[in-house]
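Architecture at a glance
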Amino acid sequence: MNLLSVREAQERILQKVQTVGQTKFPLEHATRRVLAKDIRAAADLPSFDNSSMDGFALRSQDTSASRVTLRVVADVAAGAAPTRSLGPHEAARIMTGAPLPPGADAVIPVEETDFTERGAGVPAPAQVTLTRKVDAGENVRTRGSDLRAGETVLAKRHRLRAQDLGLLAMLGIANVPVYNIPRIAILSSGDELIPVDAPLTEGKIHDSNSYALAVQIQDAGAEPVRLGVARDERAAVESLLDRAADMAVDLILTSAGVSVGAFDFVKEVVESKGNLNFWRVNMRPGKPLAFGDYRGIPFVGLPGNPVSAFVTFEVFVRPAIEKLSGLEPRPRQRTTVRLAEAIESDGRESYLRAVVNEEGIARLTGHQGSGNLFSLVQANALLIIPAGVKSRPASSEVEAWLI
Ligand code: AMP
Ligand code: MG
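Residues numbered from 1 in each chain as written. Chains lettered and ligands numbered in written order. Predicted model: local features only at pLDDT ≥ 70, side-chain atom pairs only at ≥ 80, totals over all residues. Heavy atoms only, no water.

1. Section: the packing of helix 4 (residues 234–246) against helix 5 (residues 266–273)
With their axes 9 Å apart at the nearest point, helix 4 and helix 5 run at an angle of 55 degrees to one another. On the basis of their axis angle, the class for helix 4 and helix 5 is oblique. For the pair helix 4 and helix 5, the crossing hand works out as right-handed. On the side of helix 4, the interface is formed by Arg 234, Val 237, Glu 238, Leu 241 and Asp 242, while helix 5 contributes Val 266, Glu 268, Val 269, Val 270, Ser 272 and Lys 273. Residue classes in the contact of helix 4 with helix 5 are distributed as five nonpolar, one polar and five charged. (Axes fitted to C-alpha atoms, helices over the stretch in contact; angles between N-to-C directions. Helix = DSSP H or I, 4+ residues; strand = E, 2+ residues; numbered from the N terminus. Parallel < 35°, antiparallel > 145°, perpendicular 65-115°, else oblique. Left-handed = near helix turned anticlockwise from the far one by under 90°. Contact = heavy atoms within 4.5 Å. Nonpolar A, V, L, I, M, F, W, Y, C, P; charged D, E, K, R; others polar.)

2. Section: the side chain of Asp 207
Positionally, Asp 207 belongs in the loop between strand 14 (205–206) and helix 3 (209–219). Comment: no salt bridge for buried Asp 207; closest opposite-charge side chain is Arg 226, at 4.6 Å. Reaching out from Asp 207, the side chain makes a polar contact with the side chain of Ser 188 at a distance of 3.2 Å. Within the structure, Asp 207 has its side chain in polar contact with the side chain of Ser 210 (distance 2.7 Å). What Asp 207 contacts, discounting residues up to four positions off in sequence, is Ser 188, Leu 193, Ile 194 and Val 229. (Buried < 20%, exposed > 50% of the residue type's maximum accessible area, 1.4 Å probe, protein only. Lys, Arg positive; Asp, Glu negative; His and termini not counted. Salt bridge = Lys/Arg side-chain N within 4 Å of Asp/Glu carboxyl O. Polar contact = N/O pair within 3.5 Å; in protein donor to acceptor, adjacent residues only side chain to side chain.)

3. Notes on the sheet that holds strand 6 (residues 90–94)
Across the sheet, which stays open at both edges, the five strands sit in the order 7-4-6-5-8 with mixed pairing between neighbours. The sheet is open, and its two edges are formed by strand 7 (106–109) and strand 8 (127–130), each paired on a single side. Across the sheet, the mean angle separating the axes of adjacent strands is 40 degrees when strand polarity is ignored. Sheet analysis places strand 5 (residues 68–76) next to strand 8, joined by four bridges and oriented antiparallel. (Pairing = 2+ DSSP bridges.)

4. What to know about the pairing of strand 4 (residues 55–58)
Judged from the three bridges that link them, strand 4 and strand 6 form a sheet pairing that is antiparallel. Across the sheet, residue Gly 55 finds its bridge partner in strand 6, namely Ile 94. Relative to strand 7, strand 4 runs antiparallel, the two sharing four bridges. If you follow Phe 56 over to strand 7, its bridge partner there is Ile 108.

5. Digging into the sheet that holds strand 20 (residues 297–302)
Here we have six strands laid out as an open sheet, ordered 15-12-16-20-19-17, and mixed in their pairing. Either end of the sheet is taken by a strand with one partner, and the two such strands are strand 15 (223–230) and strand 17 (274–279). Geometrically, the sheet is characterised by an average inter-axis angle of 20 degrees between neighbouring strands, direction not taken into account. Looking at chain direction, strand 12 (residues 183–189) and strand 15 are connected through six bridges and run parallel. By the bridge assignment for strand 15, Ile 184 is matched with Pro 224. Strands strand 17 and strand 19 (290–294) of the sheet are contacted by helix 1 (residues 6–16), whose axis makes an angle of about 155 degrees with strand 17. Sitting on the sheet, helix 6 (residues 306–325) is in contact with strand 12, strand 16 (251–255) and strand 20, with an inclination near 165 degrees to strand 20.

6. Let's talk about the site of ligand 1
Near ligand 1 there are 15 residues, and of these Glu 192, Asp 207, Ser 208, Gly 257 and Gly 304 occur at the shortest range. Here Gly 304 contributes a backbone N or O atom positioned 3.2 Å from an oxygen atom of ligand 1. In the complex, the protein chains occlude 76% of the 480 Å² of accessible area that ligand 1 would expose alone. For the shell around ligand 1, a count of residues per class yields four nonpolar, eight polar and three charged. (Near = heavy atom within 4 Å. Areas by Shrake-Rupley, 256 points an atom, 1.4 Å probe, with all protein chains shown as cover.)

7. With respect to the pattern of salt bridges
Any two side chains of opposite charge can pair, given that their charged atoms come close. Using the criterion set out here, one finds 27 salt bridges in the structure. Between Arg 231 and Asp 191 there is a salt bridge whose closest N-O contact spans 3.9 Å. Placement of the pair is Arg 231 in the loop between strand 15 and helix 4 and Asp 191 in the loop between strand 12 and strand 13 (193–194), with a sequence separation of 40 residues. Using a relative accessible area of 45% as the deciding quantity, one classes Arg 231 as partly exposed. We classify Asp 191 as partly exposed; its relative accessible area is 29%. Connected through shared salt-bridge partners, Arg 234, Glu 238, Asp 242, Asp 246, Glu 268, Lys 273 and Arg 295 make up one network.

8. Focus: the pairing of strand 19
When a strand is regular, its side chains alternate between the sheet's two faces. Here strand 19 lies mainly inside the structure; four of its five residues are buried. Sheet topology note: the strand 17/strand 19 ladder contains five bridges and is antiparallel. By the bridge assignment, Asn 275 is partnered in strand 19 with Asp 293. Sheet analysis places strand 19 next to strand 20, joined by five bridges and oriented antiparallel. Paired with Gly 292 across the strands is Phe 299, a residue of strand 20. Where strand 19 hands over to strand 20, the hairpin turn is made up of two residues, of which Arg 295 adopts a positive phi near 50 degrees.

As structure tokens, then:
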């Protein structure tokens, strides 16, 4: 059987998924949002020459290597409007961030003068003495030295971090053009599934996938919409998928019910009201992955086994959410690690749970069955063994994702 490669499956999904719409959003709520437009500076930063120290603004030409006393003619606090011009042998006491008086071209820090009173509320002295040459520009932050009006300071498709928000605030941008946050429906399927707070009875298990997937979705920057569990009946699956479609979510994620079991209705229901683009990928865990659309909304049918659901999310859904969110989907960063022991693979592209230590040595966390969630909990990496590879000896290098 010729299974679709992981790469081709990823490409098909990315081709079909479209970035969500955009909006203007208040700055204080825009962290982690993705910029929908390039941001250009409307003004120079800083927008006026100012002092980087508490000290005395002066004219550098008045100073020399020997002792000089200047008359203090002004006192400039941060936030003050510019004062009168400094003439020959005049200085102004100045605070950090205060505008440089016209005529001044440098600032000497208060610590380098004879003025020793430095507490809050201390009035400016009538004169100040210094004993060194001060160069023009010393301790002055000149207008435009950080950035110039017209410069592109943040590019479209960038996810906003704390420092970016700070810069946008400096530029006076109160409302930021950002993409909407994609809403991702999660629905589980299976007669065996019961809610986490219901007591286990014979044959039942707690639905764990919807919890883990919701966190993966949030972590990818999207909003999970948890729709609960569909029983293994055609009508139940259809009604839950219809709920998702009625809510106009941006992506529908199901888990389980896409294998070859007698009660696996998900594919059939999707085909009845949409299309199945592919089913089954050459990977382990996660072979029975389905992709298509349901009533025009992209649909990814994840396998039910918890490790398969987690790994296929990372391989296929995270990049899709990145594109939905407005980000440029980029291949995830890989690290090269060295195997502590020989490993075997079955020839499919495999994602093996492992612990990588500080020296970059990787050891599998135990049984690699796709239902063994604990071995994923113990892992801090997934080793990626390419398709066609059946084994790797101890000490060989393989690529890994840190998780
Ligand atoms: P299926 O694809 O329906 O054959 O399910 C494959 C395996 O995953 C079965 O052992 C299911 O019990 C298990 N499974 C399915 N859905 C979930 C879920 N939401 N949480 C935990 N395990 C699940
Ligand atoms: Mg099932």
